[in-house]
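Architecture at a glance
Each chain, letter by letter, is given below.
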Amino acid sequence: MSKWSYEDVQFMGYGGNQLPVDQIEQVKSAMEQRDNPIEAMLCLDREFDQLPFLDSNIDYFMDSGVYEEALVDIYVCLRMPCKAWAIETWEYFFSMADEEKLMMARNIPFSPASPTFNIYRGCIQDGIRAISWTMDEKKASWFASIYEKNLAENTGVYEFTVSLDQVAFCANDREEFEVVLNPCTGILDAIEQEAQLIK
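**A closer look at the overall build of the protein**
For the protein, the count of helices and strands is 10 helices and six strands. Burial status across the protein gives 45% buried among its 199 residues. If you sum the accessible surface of the protein, you get close to 10,600 Å²; carbon and sulfur atoms cover 46% of it.

Below is the structure:
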């Protein structure tokens, strides 16, 4: 991993704006202490600034071999990643990732036993066109109950059969047995046509 310098770094955040001075100083401090650009990225606001920082310094993250790890870190740390950033934005970033590195970015304690397996999503009817699902039907039911409590209409648990080559990565950081689908595969259209309401 090559050492990066201040001259190489674009201190850009949300909306293409320059980061505040105090955040720039935090990033510089992290750069001085470690060569890993992820350490610098983690100094920034996870909701607004980490993804733009990754984007504006994408070549360095890739040259350092940590682009995929950084992308997964950003995704799993967001409370609602596809509310914070549009699916099209995630598709853009996933399209540049090495698929094998992306899948290996997390040491998953659960792994499907076959090339195709069922995933679940608890949501309102309009929420099935999404890339975050779970392998745990009970967890999906829990999400559905939250939506039902707040919205009280068109809420249910959906089941979809997916293949491993349609998966971007799996993670359990939030103890949700999460399966994040790769929108570059055209999976969202298939979901709309084939996902089954089971509860």
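After that view of the structure, there is still more to cover.
**A closer look at the environment of alanine 84**
Locating alanine 84 in the fold gives a position in helix α6 (residues 81-84). It is 7.8 Å that separates the C-alpha atoms of alanine 84 and phenylalanine 48, two residues lying 36 residues apart in sequence. Other than its neighbours up to four places away in sequence, alanine 84 contacts Glu47 and Leu78.

**With respect to helix α10 (residues 187-194)**
Among all positions in α10, only Ile187, Leu188, Ala190 and Ile191 are buried. For α10, the angular spread of the buried residues around the axis is 160°, confining them to a single face. Looking at the buried side of α10, the elements it contacts are α7 (87-95), β2 (132-134), β3 (155-163) and β5 (178-181).

**Observations regarding a negative patch on the surface**
On the surface, Asp98, Glu99, Glu100 and Asp165 cluster together into a patch of negative charge. Relative to the helices and strands, aspartate 165 resides in the loop between β3 and β4 (167-171). Accessibility expressed as a relative area gives 60% for aspartate 165, which makes it exposed.

**Side note on the layout of surface pockets**
Approximately 780 Å³ is the volume found for the largest pocket. In terms of lining residues, the largest pocket is bounded by 29 residues, among which Met80, Lys83, Arg121, Ser132 and Tyr147 are the most central. Broken down by element, the lining of the largest pocket gets its largest block of residues, six residues, from helix α9 (residues 137-151).

**A word on the packing of aromatic side chains**
Following the criterion strictly, the structure yields nine aromatic pairs and no others. Where tryptophan 90 meets phenylalanine 94, the ring centres are 6.3 Å apart and the plane angle is 35°; that geometry is what we call tilted. A residue pair is termed a helical-turn pair when its members lie 3 or 4 positions apart in one helix, as tryptophan 90 and phenylalanine 94 do in helix α7 at four residues. Cluster of aromatic residues (ring-pair linked, three or more members): Tyr75, Trp90, Phe94 and Phe169. A cation sits over an aromatic face here: lysine 139 above tryptophan 142, 5.3 Å from the ring centre.

**Description of the nonpolar core**
If you look at the biggest cluster of nonpolar residues, it comprises 49 residues, and the most contacted ones within it are Trp90, Phe169 and Leu181. Broken down by element, the residue count for this core peaks at seven residues, all from helix α5 (residues 67-77).

Procedures and definitions
- Going along each chain's sequence as written, the residues are numbered from 1 onward.
- In keeping with the model being predicted, local features are shown solely for residues with a pLDDT of at least 70 and side-chain atom pairs are shown and tallied solely at 80 or more, while totals for entire chains, interfaces and linings include all residues.
- Hydrogen atoms and water are omitted, and side-chain values are computed over all heavy atoms in the structure.
- What counts as a helix is a DSSP run of H or I of at least four residues, what counts as a strand is a run of E of at least two, and both are numbered from the N terminus.
- Residue burial is assigned from relative accessible area. The probe radius is 1.4 Å, only protein chains are included, and a residue is buried under 20% of its type maximum, exposed over 50%, and partly exposed in between.
- Surface exposure here means Shrake-Rupley accessible area, sampled with a 1.4 Å probe, where a residue is shielded only by the protein chains that are shown.
- In this description, contact between two residues means that some pair of their heavy atoms is separated by no more than 4.5 Å.
- Directions drawn from the helix axis to the C-beta atoms are what define this arc.
- A patch consists of residues whose relative accessible area exceeds 30% and which take part in no salt bridge; residues with like charges are grouped when within 9 Å of each other, and nonpolar side chains (Val, Leu, Ile, Met, Phe, Trp, Tyr) when within 5 Å.
- For salt bridges, the criterion is a side-chain nitrogen of Lys or Arg within 4 Å of an Asp or Glu carboxyl oxygen.
- The positive count covers Lys and Arg only, the negative count covers Asp and Glu only, and His and the chain ends enter neither.
- Taken as the charge location is NZ of Lys, CZ of Arg, CG of Asp or CD of Glu.
- Lining residues are defined by having an atom within 4 Å of a point belonging to a cavity or pocket. Those points lie on a 1 Å grid over the protein atoms alone, cavities being sets where a 1.4 Å probe fits but cannot get out and pockets being open sets with protein on both sides within 12 Å along at least five of seven lines.
- Grid points are joined across faces, edges and corners, and a volume is the space filled by probe spheres set on the points.
- In this scheme Phe, Tyr and Trp rings, the latter by its six-membered ring, pair at centre separations within 6.5 Å, and the angle between planes marks the pair as stacked below 30 degrees, edge-to-face above 60, and tilted otherwise.
- Think of it as a cone above the ring: NZ of Lys or CZ of Arg counts as a charge over the ring if it is within 6 Å of the ring centre and within 35 degrees of the ring normal.
- Take the buried Ala, Val, Leu, Ile, Met, Phe, Trp, Tyr and Cys residues and link them wherever side-chain atoms come within 4.5 Å; each set so joined is a nonpolar core.

On their own, these measurements won't tell you what the molecule is for.
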